[in-house]
Every structure is written in structure tokens, then in C-alpha cells.
Amino acid sequence: MMLSPEQAADSDHPSSAPSDPESLSGADAQALSCCVSDPEPAEGGGGEGRGGGRPGLHPPPLSREEKRRRRRATAKYRSAHATRERIRVEAFNLAFAELRKLLPTLPPDKKLSKIEILRLAICYISYLNHVLDV
């Protein structure tokens, strides 16, 4: 059970937190706030700066990284991201297919990997430069 700073000061429980806000580390202040998932205080009183050493009724503001992490955890975001990624990969594969059509190989319909297509394109461009220079 979480205690408010006033209840902690009035409590006779030996492990109750101090009520003086200045003597609280960042993790202790978070433990006194209404939404904390880790009740153990962190060593050294460091942390991400959330909580600011002031216990209160409102949760501390979320960091930019935490906001981004929570937004990306939604099903709507994941679905939209998967759609964008699918479109990107299709465009990427289409570009490789178009490049593959321009490269001479024997047999002409031979299946090539992407790295083989790139290496063959480099060699072919080098050959064409050599032909133009001569």
C-alpha cells in the first residue's frame, strides 16, 4: 500500500519514507507519487530527472523518449508502420527489378540476388565507361 507524505510522517512503521521533500531522492519522490511501478528506491538518488524531488498528486511529466515509446506501442501505430514499411519494401524491390532488366546476363531470365544485381550493375557501368573511353 502506498502512503502519502503526510501518512508516512504519521506512521509508526520503521520503513516509512521521510516527509521532508528536500530529503527525498528522485526515486523516493516517485515512490510517493500516485503511479509508480518500482517501489524500491534507486541508489545514488539519480534517475532521469522525472519527479524532481517533489512528491505530488500528479504523475511526473513523461520524457520525450517515454512518450515516443508509449505512442509506438499502440496497435494503430504498429499497423500504420507496417503498412509504410510494406510500401517501402515494394518500391525497393521494384527498383531492383527495373535495374535487373537493364543488365545483360546469360541466361537472360536468370534469378539474381540483390547483391548480385548491384555488383553486376557496377561491372556493367565500368565496362560501358571503358567502351566510351576507347
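What counts and how
Residues numbered from 1 in each chain as written. Predicted model: local features only at pLDDT ≥ 70, side-chain atom pairs only at ≥ 80, totals over all residues. Heavy atoms only, no water. Helix = DSSP H or I, 4+ residues; strand = E, 2+ residues; numbered from the N terminus. Buried < 20%, exposed > 50% of the residue type's maximum accessible area, 1.4 Å probe, protein only. Contact = heavy atoms within 4.5 Å. Areas by Shrake-Rupley, 256 points an atom, 1.4 Å probe, with all protein chains shown as cover. Salt bridge = Lys/Arg side-chain N within 4 Å of Asp/Glu carboxyl O. Phe/Tyr/Trp six-rings, centres within 6.5 Å; stacked < 30°, edge-to-face > 60°. Lys NZ or Arg CZ within 6 Å of the ring centre and 35° of its normal. pLDDT = per-residue confidence, 0-100.

Named according to an unreviewed UniProt entry, the protein is Nescient helix-loop-helix 2 originating from Catharus ustulatus.

So, the overall build of the protein: which residues are in play, and what are the values?
Secondary structure assignment for the protein yields five helices and zero strands. Start at the N end of the protein and walk to the C end: the helices and strands fall as α-α-α-α-α. Counting every position in the protein, which comprises 134 residues, the buried fraction comes to 16%. Sequence separation of 24 or more characterises 25% of the internal contacts of the protein that already satisfy a separation of 6 or more. Summing over all exposed atoms, the protein offers an accessible surface of approximately 10900 Å²; the carbon and sulfur share of this is 57%.

Run through unusual backbone geometry, naming residues and quoting values.
Of the consecutive residues Leu106 and Pro107, the connecting peptide bond is found in the cis state with omega at -10 degrees. Structurally, the position occupied by Pro107 is in the loop between α4 (75-102) and α5 (114-133).

An account of the pattern of salt bridges is requested, with residue identities and associated values reported.
Summed over the entire model, instances satisfying the criterion amount to three salt bridges. Through salt bridges with shared partners, a single network forms among Glu66, Arg69 and Arg70.

Account for the packing of aromatic side chains, naming residues and giving values.
Using the criterion set out here, one finds one aromatic pair in the structure. With a centroid separation of 5.0 Å and an interplanar angle of 65 degrees, the aromatic rings of Phe92 and Phe96 are classed as edge-to-face. Residue Phe92 and its partner Phe96 are located together in helix α4, separated by four residues, close to a single helical turn. Its end group placed over the ring of Tyr77, Arg84 keeps NZ or CZ at 5.8 Å from the ring centre.

Help me get a handle on the environment of Tyr124, residues and values and all.
You can see Tyr124 is positioned in helix α5. Tyr124 sits 21 residues away from Leu103 along the chain, and the two C-alpha atoms are 7.3 Å apart.

Kindly report on the confidence of the model for the protein, identifying the contributing residues and their values.
Residue-level pLDDT values for the protein average 74, and 58% of them are 70 or greater. Within the protein, no element has a lower average pLDDT than helix α2 (residues 26-32), which sits at 48, and none a higher one than α5, at 96.

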